[in-house]
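Commentary on secondary and tertiary structure
Here's the letter readout for the chains.
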Amino acid sequence: MVKILNKQVLATGIKRFELDAPEIAWRAQPGQFVVLRVNEEGERIPLTVADTRPEEGVLVIVFQEVGKSTALLGTLEPGDAIMDLIGPLGKPTEIERFGTVVCVAGGVGTPEIYPVTRALRQAGNKVISIIGFRNKDLILMEEEMRRVSDELIVATDDGSNGNKGLVTDMLQQVIYRGEKIDRCFAVGPVIMMKMVSLLTKKYSIPTIVSLNPIMLDATGMCGVCRVEVGGETKFACVDGPEFDGHKVNFDLLMARLKTYVKEERQAMEIFLKSRNENCRCANRKEK
Amino acid sequence: MAKVNPRRTPMKEQLPQERRRNFDEVPYGYTPEEAISEAQRCLQCKKPSCVNGCPVQVDIPGFIAQIAQGAFWEAMKIMKRTNVLPAICGRVCPQEIQCEGACILGKKMEPVAIGNLERFIADWEAMQSECVMCEIQPATGKKVAVIGAGPAGLTVAGDLRKLGHDVTIFEALHKPGGVLMYGIPEFRLPKAVVEREVNFLLSMGVRLNLNYVVGKLKTVDDLLEEFDAVFIGTGAGLPLFMNIPGENSLGIYSANEYLTRSNLMKAYLFPRYDTPIVRGRHVAVIGGGNVAMDAARTALRLGTERSILIYRRSRDEMPARAAEIHHAEEEGVEFQLLTNPVRYIVKDDGWVQEVECIRMELGEPDASGRRRPVPIPGSEFRIPVDTVVVAIGNSPNPLIPQTTPGLETTRWGTIVIDPMTGRTTKKGVFAGGDIVTGAATVILAMGAGRVAAQSIEEYLRTGKWDEIKK
Ligand SMILES: Cc1cc2nc3c(=O)[nH]c(=O)nc-3n(C[C@H](O)[C@H](O)[C@H](O)COP(=O)(O)OP(=O)(O)OC[C@H]3O[C@@H](n4cnc5c(N)ncnc54)[C@H](O)[C@@H]3O)c2cc1C
Ligand code: SF4
Ligand code: FES
């Protein structure tokens, strides 16, 4: 059992938990992830390590409520416990002094790229960060990202923060203005990572993406996380999750992510229904 | 001597047409009367050949003699001297090539049903209010780390704990048991049985750390600083694929994934449990071992219309236990023998639609002594499927070897050991089970655990470490 120490709502449907997990907090490095299981009936869900405070034994995760399991996780409060927590898993990000790096993130990819960005900055890189959101209410971790970047560009799809455009538009501008980019890191929705990779390929900018396929054990035992990189099959949980964006077959990844859409919808409906029923009971009692 | 019944006492089981749609265990087990009558068939040989056939040398005539007299408690005491997981072995050992295969009765008639009796005695004990406890020696102050809670690791832990050592198991998954928990299905090995046998070890004082991936949290070297010896029993958990076109399409599973979803995560109870599994209408399973049989029979229980087993050799070469092949057939699994998949035809949305196969014939014997299957040109044909389970084998998980300097492995990724002692090339580190042999059997893993436990004991006592001779 792993205790939740702290809970914060970062934006609609996006939550941040601080967990009491000293041993994992000590070992986790940027780019790695954990797997957790809320209760006995729960699935094993992978989540990127968003931050650690090893001296306090704290591990931070940030998640978006996209399905039943994350919605259920989101109902937990400080003091509650998560049944199982496994990690750190996957290979850490390769952190080096590359020169100028651009860190691109979309939505909930922002907390995931945060520790990578910080480590890159600490390693002496000039860091330009680009983070994008659907609208200004969904903007996450702007201050934190600003602190660990030499330059931060925040974009919104609808322009509600005054800077309209996709992260790829922003990246294109950075390239146009003559910035010599030595490496690019991209974390976020698959389509975003694909578009970033297509763009950087044109300019031969080495690009690392962090893939999020369906996972089960996350220790290399089942193969559900297989992705194609340069025509070869890799297991993202042990060979990744980070790969060369110019070689990843993103279309296959997008298709495979849809394997259980039907079941996910069904689980969510049942979950919402049971939650509503509970609410109604509570109301009735009040009357 | 009274005349021996040439036929063994049959074990009652669920009818095929019923059981193919439920996950309850197939055989019901013996009643005490049935067990006694089967035990009375044993000739009580002076030089029992069955014992030599058993990798852990269970005193077979000894425990059977007790059952024959109705002294079940005594029988269990004898059993637990050599085997602390009898309820599991009785259900999953390939007895036909081990103890029962060596039974002298087998020359003229059906051999004694040793596996059934082993299962009976263990299940009988489970129904009693107390259980046969093992004697535990006084604490030695020595600490041993066991990596992996599969049959190899559990055996080492039990044996060393009995000798008074302080034993801690580190297991990557959220449940102990290894393949027994995530691989072998409920209808063949109820998870309650595995839990019961693991709980027995815990009651002896073995410590268990779940959710602990050695190599990612602590490494073997870290463990050596805290523990006097380390045993690696991490199994052969890396699934192999055939690397044919279309294999990454939606609907194509490794057997490990399919069975882990169903067994460990209880996806057959979705949506009560959260983990989903595809309930295909036409399921093809590739392979001919126990794993393939388990997958094909799981597919039936998940409600498939057709469960088709595709195997490249003939029935005689199938490595699965005889009982499982028989059960699969009774339940309606269709066998496509001497057939091999060559590619998958995929729909626009990425789902598998058909598997294209080629017919095979058996040629010259290969290195394994089995006749090598060779494709018959022009014999390609297609089978419509919406789910495929690839069950062509597993190789060892490379995580521990990769993170342990000084630990030598073979070309196949298995850990190099001295088979007489289980010692690896690294001082204080022992290994056994599938991580050494490649995917094998429960009882061989237990046998390897037993050997390693004995030499760990010696090492802890003397501190002597002889390098492996090469
Ligand atoms: C579906 C299926 C059916 C089978 N049917 C039969 C049968 O009928 N009869 C039979 O005799 N055999 C059968 N087998 C084979 C048998 O189960 C194995 O040979 C046996 O379980 C091997 O035991 P083991 O202890 O070596 O490894 P495993 O049972 O594989 O256990 C290894 C354990 O180590 C853990 N682990 C791995 N890496 C790490 C790490 N880095 N840190 C911590 N823990 C780790 C794993 O999670 C696992 O729990 C079957 C196998 C399968 C897959
Ligand atoms: S452990 Fe296996 S081989 Fe040995 S007696 Fe029991 S069933 Fe037979
Ligand atoms: S999640 Fe199972 S192998 Fe990667």
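The shown structure was predicted, so the numbers you read here are calculated from the model rather than taken from an experiment.

The rules behind the values
- Residues numbered from 1 in each chain as written.
- Chains lettered and ligands numbered in written order.
- Predicted model: local features only at pLDDT ≥ 70, side-chain atom pairs only at ≥ 80, totals over all residues.
- Heavy atoms only, no water.
- Helix = DSSP H or I, 4+ residues; strand = E, 2+ residues; numbered from the N terminus.
- Rg over C-alpha atoms; globule rule 2.2 N^0.38 Å.
- Buried < 20%, exposed > 50% of the residue type's maximum accessible area, 1.4 Å probe, protein only.
- Contact = heavy atoms within 4.5 Å.
- Areas by Shrake-Rupley, 256 points an atom, 1.4 Å probe, with all protein chains shown as cover.
- Pairing = 2+ DSSP bridges.
- Axes fitted to C-alpha atoms, helices over the stretch in contact; angles between N-to-C directions.
- Lys, Arg positive; Asp, Glu negative; His and termini not counted.
- Salt bridge = Lys/Arg side-chain N within 4 Å of Asp/Glu carboxyl O.
- Buried area = accessible area lost by both parts, 1.4 Å probe.
- Polar contact = N/O pair within 3.5 Å; in protein donor to acceptor, adjacent residues only side chain to side chain.
- Nonpolar A, V, L, I, M, F, W, Y, C, P; charged D, E, K, R; others polar.
- Near = heavy atom within 4 Å.
- pLDDT = per-residue confidence, 0-100.
- Parallel < 35°, antiparallel > 145°, perpendicular 65-115°, else oblique.
- Left-handed = near helix turned anticlockwise from the far one by under 90°.

Quick look at the overall build of chain B
When its secondary structure is counted, chain B shows 18 helices and 16 strands. Here the C-alpha radius of gyration of chain B, 23 Å, is about what a compact globule of 470 residues would show, namely 23 Å. Here the C-alpha coordinates of chain B stretch approximately 65 × 60 × 50 Å along the principal axes. Residue burial in chain B is summarised as follows: out of 470 residues, 60% are buried. Look at the contacts in chain B between residues 6 or more apart in sequence, and 70% of them connect residues 24 or more apart. For chain B, the accessible area works out to roughly 19200 Å², and carbon and sulfur atoms hold 52% of it.

Overview of the sheet that holds strand S10 (residues 151-156) of chain A
Residue and element names in this part refer to chain A. Strands sit in the order S10-S9-S8-S11-S12-S15 across an open sheet of 6 strands; the sheet is mixed. Strands with a single pairing partner mark the edges of an open sheet, and in this sheet they are S10 and strand S15 (242-244). Here the strands of the sheet are splayed against their neighbours by 20° on average, with no regard to which way each runs. As defined by bridge partners, strand S9 (residues 126-133) adjoins S10 across 6 bridges and the pair is classed as parallel. When the bridges of S10 are listed, isoleucine 128 appears paired with glutamate 151. Across the sheet, helix H3 (residues 109-122) touches strand S8 (100-106), S9, strand S11 (183-187) and S15, and the angle it forms with S8 is around 165°. Each of S8, S11 and strand S12 (207-210) is contacted by helix H6 (residues 190-202), which is oriented at about 165° to S11, the strand it contacts most.

Considerations on the side chain of glutamate 186 of chain B
Residue and element names in this part refer to chain B. If you trace the backbone, glutamate 186 turns up in the loop between helix H10 (179-182) and helix H11 (191-203). One buried charged residue, glutamate 186, forms no salt bridge at all, with the nearest opposite charge on lysine 266 at 4.8 Å. In this structure glutamate 186 touches Phe23, Glu25, Lys191, Asn263 and Tyr268, once residues within four positions along its chain are discounted.

Description of the interface of chain A and chain B
Opposite the 43 residues of chain A that make contact, chain B presents 40 residues. Where chain A abuts chain B, roughly 3600 Å² becomes buried across the two surfaces, and 55% of that area is made up of carbon and sulfur atoms. In terms of surface lost to chain B, no three residues of chain A exceed Met221, Arg226 and Tyr260 of chain A, which account for 19% of the buried area on that side. At the junction of chain A and chain B, the tally comes to 4 salt bridges. A salt bridge links glutamate 23 of chain A to lysine 218 of chain B; its shortest N-O distance comes to 3.6 Å. For the interface between chain A and chain B, the tally reads 21 residue pairs in polar contact (both at pLDDT 80 or more). Per element, the largest residue contribution to the side of chain A that touches chain B is 6 residues, and it comes from strand S7 (residues 84-89) of chain A. Here the residues of the side of chain A that touches chain B are counted per class, giving 16 nonpolar, 11 polar and 16 charged.

Considerations on the site of ligand 1
All names here are of chain B. Surveying the vicinity of ligand 1 reveals 36 residues, the closest of which are Val92, Ala152, Glu171, Arg188 and Asp434. One nitrogen or oxygen atom from the main chain of valine 92 is found 2.5 Å from a nitrogen atom belonging to ligand 1. Starting from 1000 Å² of accessible surface for ligand 1 in isolation, the protein chains cover 95%. Of all the secondary-structure elements, those providing two or more residues to the shell around ligand 1 are helix H9 (151-162), helix H14 (290-301), helix H16 (399-403) and helix H18 (442-462).

A short note on the site of ligand 2
Around ligand 2, the surrounding shell consists of Cys54, Pro55, Ile60, Asn83, Cys89, Cys93, Gln95, Gln98, Cys99, Ile114, Glu118 and Ile443 of chain B. Looking at side-chain class alone, the shell around ligand 2 contains 8 nonpolar, 3 polar and 1 charged residues.

Structural notes on the confidence of the model for chain B
Residues and elements named next belong to chain B. In this model, chain B carries a mean pLDDT of 93, and residues with pLDDT of at least 70 account for 99%. Averaged pLDDT values over the elements of chain B bottom out at 90 in strand S12 (residues 371-375) and peak at 98 in strand S4 (residues 229-232). With a pTM of 0.92, the predicted complex shows an ipTM of 0.91.

Focus on the packing of helix H13 (residues 255-264) of chain B against H14 of chain B
The relative placement of two packed helices comes down to the angle between their axes together with the axis-to-axis distance. All names here are of chain B. Where H13 contacts H14, the axes come no closer than 10 Å and their chain directions differ by 50°. Comparing their axes, H14 and H13 come out oblique. The two elements H13 and H14 cross, and the hand of that crossing is left-handed. Packed against H13, whose contacting residues are Ala255, Tyr258, Leu259 and Ser262, the element H14 presents Val291, Asp294, Ala295, Thr298 and Ala299 at the interface. Looking at the contact of H13 with H14 residue by residue, the classes come out as 6 nonpolar, 2 polar and 1 charged.

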